[in-house]
Amino acid sequence: MNLIAIDIGNTNINIALFLDNEEKFIESIAGKSKKELEDCLKKAWEEIPVSKSSKEKKRDGVIVVSSVKPEWTEIIREIAKESLNEKVYIIGKEIPLPISLWVDEPEKVGTDRVVAAAAAYDVVGNAVVVADFGTAVTIDLVDDNGIFLGGIICPGFEISAKALRDNTAQLPNIKVTKPNAPYGKNTEDAINCGLYYSIVGALHEVVRRYADDLGNWPQTIITGSGAKTIYTDCEFVDDYVPNLVVRGVFLAYKKFIESKEEA
């Protein structure tokens, strides 16, 4: 199966190419850069072989999107139609969600959270926590039966840093990094420590409470642009998997095709 998996987030768009079920490359592009998006999509699409059964030399692949930002979804649709003459398939619309949800309003859960959770469960096979560190931080729980139970949402590093800058008289904006010490000896380091350890502490506390609810400690996987920053300080985290969402997009489409073949 050949597929371009696209994860449209709040800040960036990740584009991954899968050829014959194998991941070939992933590129992260600022959502505002339409030219870069177009160039990346063209590059990926040209890697997909032409279908042997196609008289029109049509490429044997599809474009599948998980999106939390509708306006960027429309940009991707336009590029696919105008530059590639291809249709885009959207997770949660043309493509069903790959796992069941036990939440109050399933249609309002970000598909990025759902497909990442599904990808993690597909590997682990048991209860698993998936924490995604992007513009926002989401920490979600899947039970032993592969059902998405819900999760928590809190501000990511950049939002928190900006909030301090915008709502105080003298505090500067900073980029959060792993601290050299547990306390700051200047204002910038103090903010950095505060934001860094608050996220590490929040992750541990949330996972602990999930474990209390489950009756056992679940495996924990972290992903997203900010995950690598904290990974080495989280001994309770089992794995750091970059770009878990695009792998979940691939899984969702694969399950969709398999269900059609079985029907």
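Preceding this section is the structure that the text describes.
Chains are numbered independently. Their residues run from 1 in the order of the written sequence. Where local features are concerned, this predicted model is filtered to residues with pLDDT of at least 70; where side-chain atom pairs are given and counted, the filter is 80 or more; whole-chain, interface and lining totals use all residues. Here the side-chain values reflect all heavy atoms present in the structure, with hydrogen atoms and water set aside.

**Some points on the overall build of the protein chain**
What counts here: For helices the rule is a DSSP run of H or I covering at least 4 residues; for strands it is a run of E covering at least 2, with both sets numbered from the N terminus onward. We compute the radius of gyration over the C-alpha atoms and compare it with the globule rule, which gives 2.2 Å times the number of residues raised to the power 0.38. Classification of residues uses two cut-offs on accessible area relative to the type maximum, computed with a 1.4 Å probe and protein chains only: under 20% is buried, over 50% is exposed, and between them is partly exposed. The contact criterion used is simple: two residues touch if any of their non-hydrogen atoms lie within 4.5 Å. Each accessible area value is a Shrake-Rupley result obtained with a 1.4 Å probe; residue values ignore everything except the protein chains displayed when judging cover. His residues and chain termini do not enter the charge count, which takes Lys and Arg as positive and Asp and Glu as negative. Taken as the charge centre is NZ of Lys, CZ of Arg, CG of Asp or CD of Glu, depending on the residue.
Broken down by element type, the protein chain carries seven helices and eleven strands. What you see for the protein chain is a C-alpha radius of gyration of 20 Å, in line with the 18 Å of a compact globule of 263 residues. A total of 263 residues make up the protein chain; the buried ones form 46% of that total. Excluding contacts between residues fewer than 6 apart, the proportion of contacts in the protein chain whose partners are at least 24 apart in sequence is 52%. Carbon and sulfur atoms make up 47% of the accessible area of the protein chain, which amounts to about 14000 Å² in all. If the 30 positive side-chain charges of the protein chain are averaged to one point and the 41 negative ones to another, these points end up 6 Å apart.

**Some details on the nonpolar core**
The test is simple: The definition of a nonpolar core used throughout is a set of buried Ala, Val, Leu, Ile, Met, Phe, Trp, Tyr and Cys residues joined through side-chain atoms within 4.5 Å.
Counting 35 residues, the largest nonpolar core has L3, V64, V128 and L244 as its most contacted members. When residues of this core are traced back to their parent elements, those giving at least two are β1 (3-8), β2 (12-19), β4 (62-67), α3 (111-124), β7 (128-133) and α7 (244-262). Setting aside residues no more than four positions away along its own chain, L244 makes contact with A116, A119, A120, V130, I221 and T223. I139, I191, L195 and V200 belong to the second-largest nonpolar core, a separate cluster that totals 26 residues.

**Quick word on the pattern of salt bridges**
Applicable threshold: Any Lys or Arg side-chain nitrogen found within 4 Å of a carboxyl oxygen on Asp or Glu counts as a salt bridge.
As enumerated under the stated definition, the model contains 15 salt bridges in all. E38 serves as the salt-bridge partner of K42, at 3.6 Å between the closest nitrogen and oxygen. One end of the pair is K42 and the other is E38, both in helix α1 (residues 34-47) and four residues apart, which spans about a single turn. The exposure class assigned to K42 is partly exposed, which follows from its relative accessible area of 31%. Several salt bridges converge on common partners, so that one network encompasses E205, R208, R209 and D212.

**Quick word on the sheet that holds strand β10 (residues 219-223)**
Quick note on the threshold: Strands are treated as partners if at least two bridges between them are detected by DSSP. As a rule, the C-alpha atoms of each element are fitted with a line to give its axis, helices using only the stretch in contact, and angles between N-to-C directions run from 0 to 180 degrees.
The strand order across the open sheet built from six strands is β6-β9-β8-β7-β10-β11, with neighbouring strands paired in mixed fashion. One side of each edge strand has no neighbouring strand; the edge strands of this open sheet are β6 (100-101) and β11 (239-240). Of the strand pairs in this sheet, β6 and strand β9 (residues 147-155) are connected by two bridges, and their pairing is parallel. Bridge pairing links S100 to I147 in β9. Sitting on the sheet, helix α5 (residues 187-214) touches β7, β8 (136-142), β9 and β10, and the angle it makes with β8 is about 20°.

**Some points on the packing of helix α4 (residues 157-166) against α5**
Filter applied, for reference: Should an angle lie under 35 degrees it is considered roughly parallel, over 145 roughly antiparallel, and from 65 to 115 roughly perpendicular; all remaining angles are considered oblique. Each crossing is labelled by how the near helix is turned from the far one, with a counterclockwise turn of less than a right angle marking it left-handed and a clockwise turn marking it right-handed. Put simply, Ala, Val, Leu, Ile, Met, Phe, Trp, Tyr, Cys and Pro go in the nonpolar bin, Asp, Glu, Lys and Arg in the charged bin, and everything else, Gly too, in the polar bin.
Between α4 and α5, the shortest axis-to-axis distance is 11 Å and the interhelical angle comes to 140°. As far as their axial angle goes, α5 and α4 are oblique. For the pair α4 and α5, the sense of crossing is right-handed. Residue-level contacts link F157, S160, A161 and L164 of α4 to I191, L195, Y196 and I199 of α5. Considering only residue class, the contact of α4 with α5 consists of seven nonpolar, one polar and no charged.

**Notes on the pairing of β7**
Along β7, six of the six residues are buried, which leaves the element largely enclosed by surrounding structure. Residues of β7 alternate between two faces, with V128, V130 and D132 on one and V129, A131 and F133 on the opposite face, all of them buried. The pairing of β7 with β8 spans six bridges and is classified as antiparallel. What sits directly across from V129, in β8, is L141. Counting the residues between successive antiparallel strands, the hairpin from β7 to β8 contains two residues. In this structure, β7 lies alongside β10, joined through five bridges in parallel fashion. Residue pairing across strands places V129 opposite T220, the latter belonging to β10.

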